[in-house]
Amino acid sequence: MAEVPTTSTFSSPTPRSDARDEWESLMSQTYVPLAVDTHPDEPFYGRVTTGTLVSPVDFSLTTVAGSHQEFRRAARHIARSDDEYLLASIHTKGRACLNQDGRAAVVGGGDMVFYNTSQPYHWTNNSAFEQVVVQVPISLLRRRPGLDRLDLPTAVAVPASSAAGVVAGFFCNLARIHRQAPEQADLLAGSALDLIASAVLLTAGVRPGETSAEALSREHVLRYLRERYTDRDLTVEEVARACHISRRTLFRLFDGTPDTFATVLRKLRLRHAEMLLTRDRSLSPAAVAFASGFASERHFYRLFRQDTGMTPREYREGRDK
């Protein structure tokens, strides 16, 4: 069962307040122990959205926003925690500067940057900001091909327009989908570790190995499916052609993943149908079937009952209670 993300908001007209102190405590719980400094003359504001993704990978995805804040992780904070994480922050609003390992990276406009929680770092946000943050245990990354001894590319700005920026776009979209349709986000989360590994290798100037390269290709296919899954005339050949791969390669990209290509497409359509059944009760089940990309009403009914154990009408009536 997918978990609906939760949002916590803190604000006060003055920079030093109980709300600010509670925010610092929450930031330390959400990520790692750290200190938060606020502007001495500006009101305080902070918001964070968190949620658990059902995935074979142990990683967290959050969206954090605020105004005029600095985040500092010093040696005294590192001594209070045993776990080591690589964080990837995608800056979606405002501009900020990350300092770590003697480097400084200025990011904004969809740019991404990596930082290592086992080393001190300093974030400076001189205006209102928003970030999507991916937090992955470094021990997991070290098991990926090419990453066992790699010097992690911390405090290096990754432009949104770069190859690694494709991964940043994936996680921004995943955070948005997670808020709107958690079940669909869980379906897409299986590629998360491979994609982060690919982005780290690309940022470090290393050519990704076969597994990572396939993860990028698979994300290209998934992105196309998310844009077109409600098209009843969508074919495997069309998807392969749009993604510049062969039909055979397309199917191979899903080998070793929890779901086949056909299963991913079916689940996307079924989750869309569930959403329509509950949000737009003026639509008949047949209309929902066609609007979700199913070629026939009978096919939709059969698959929906297999997936949920209920007919579309029973599902809708159950949500009314």
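Everything here concerns the structure above.
Along each chain, residues carry numbers from 1 onward, in the same order as the chain's sequence is written. At least 70 in pLDDT is required for a residue's local features to be given in this predicted model, at least 80 for side-chain atom pairs to be given and counted, and no such filter applies to totals for whole chains, interfaces and linings, which use all residues. Here the side-chain values reflect all heavy atoms present in the structure, with hydrogen atoms and water set aside.

J.: Before we go on, may I ask you to explain the overall build of the protein chain in this structure?
T.: Of the regular secondary structure elements, the protein chain holds 13 helices and nine strands. Radius of gyration (C-alpha) of the protein chain: 22 Å, near the 20 Å computed for a compact globule of 321 residues. Principal-axis analysis of the C-alpha atoms gives the protein chain an extent of 65 × 50 × 30 Å. Out of the 321 residues belonging to the protein chain, those deemed buried represent 52%. In this description, contact between two residues means that some pair of their heavy atoms is separated by no more than 4.5 Å. Partitioning the contacts of the protein chain with sequence separation of at least 6, the portion at a separation of at least 24 is 69%. Per-residue and other accessible areas were derived by the Shrake-Rupley procedure at a 1.4 Å probe size, with only the shown protein chains allowed to occlude residues. Carbon and sulfur atoms form 47% of the exposed surface of the protein chain, whose accessible area is close to 15100 Å². In summary, the charge assignment counts Lys and Arg as positive and Asp and Glu as negative, without counting His or the chain termini. Note that the charge is assigned to NZ on lysines, CZ on arginines, CG on aspartates and CD on glutamates. Side-chain charges of the protein chain comprise 39 positive and 38 negative groups, with the mean position of each set lying 5 Å from the other. Elements are defined by DSSP. Helices are runs of H or I of four residues or more, strands are runs of E of two residues or more, and each kind is numbered from the N terminus. Taken over C-alpha atoms, the radius of gyration is set against a globule rule of 2.2 Å times the number of residues to the power 0.38. Only protein chains enter the area calculation, which uses a 1.4 Å probe; residues under 20% of their type maximum are buried, those over 50% are exposed, and those in between are partly exposed.

J.: How should the side chain of Gln69 be read in this particular structure?
T.: Position of Gln69 among the secondary structure elements: in strand E4 (residues 60–73). Given a relative accessible area of 0%, Gln69 falls into the buried group. A distance of 2.7 Å separates a polar side-chain atom of Gln69 from the backbone oxygen of Tyr45. Apart from the residues lying within four places of it in its own chain, the contact partners of Gln69 are Trp23, Val36, Asp37, Thr38, Phe44, Tyr45, Gly46, Trp123, Thr124, Asn125 and Phe129. In the analysis that follows, any N or O atom pair within 3.5 Å is treated as a polar contact, provided that within protein one partner can donate a hydrogen and the other can accept it, and provided that, for residues neighboring in sequence, both atoms belong to side chains.

J.: I would appreciate a short explanation of the pairing of strand E6 (residues 95–100) in the present structure.
T.: Covered by surrounding structure in E6 are Ala96, Leu98 and Gln100 only, the residues Arg95, Cys97 and Asn99 on the alternate face being uncovered. Paired strands are those between which DSSP finds at least two bridges. Two elements, E6 and strand E7 (residues 103–108), share six bridges in a ladder whose sense is antiparallel. Paired with Arg95 across the strands is Gly108, a residue of E7. Here E6 folds back onto E7, and the loop between the two strands holds two residues, one of which, Asp101, carries a positive phi near 55°. Looking at chain direction, E6 and strand E9 (residues 121–137) are connected through four bridges and run antiparallel. Looking at the pairing, Cys97 lines up with Thr124 of E9.

J.: What should I look at first to understand the nonpolar core in this one?
T.: As a rule of thumb, nonpolar side chains are buried together in soluble globular proteins. In terms of nonpolar packing, the biggest core is built from 55 residues, with Val134, Phe171, Leu225 and Val239 touching the most fellow members. It is helix H6 (residues 192–203) that contributes the most residues to this core, eight residues altogether. Sequence-distant contacts of Leu225, that is, excluding residues within four places in its chain, are made with Leu234, Val239, Phe261, Val264, Leu265 and Leu268. In terms of nonpolar packing, the next biggest core, distinct from the first, is built from 26 residues, Leu34, Ala105, Phe129 and Val133 among them. What we call a nonpolar core is a set of buried Ala, Val, Leu, Ile, Met, Phe, Trp, Tyr and Cys residues that are connected through their side-chain atoms within 4.5 Å.

J.: Looking at this structure, how should I read helix H4 (residues 165–180)?
T.: What sets the pattern is the α-helix's 3.6 residues per turn: residues three or four places apart point alike. Between its first and last C-alpha, H4 extends 23 Å over 16 residues, near the 22 Å set by a 1.5 Å rise per residue. Within H4 the residues assigned to the buried category are Gly165, Val167, Ala168, Phe170, Phe171, Leu174, Ala175, Ile177 and His178. For a helix, the expected span equals 1.5 Å multiplied by the number of residues minus one.

J.: What is the right way to look at the environment of Arg269 in this model?
T.: Inspection of the secondary structure assignment puts Arg269 in helix H10 (residues 261–279). On the basis of relative accessibility, which here comes to 11%, the residue Arg269 falls in the buried class. A sequence separation of 217 residues divides Arg269 from Thr52, and the C-alpha atoms of the two residues are 22 Å apart. Contact partners of Arg269, with chain neighbours within four places excluded, come to Tyr229, Asp231, Arg232, Leu234, Ser292, Gly293 and Phe294.

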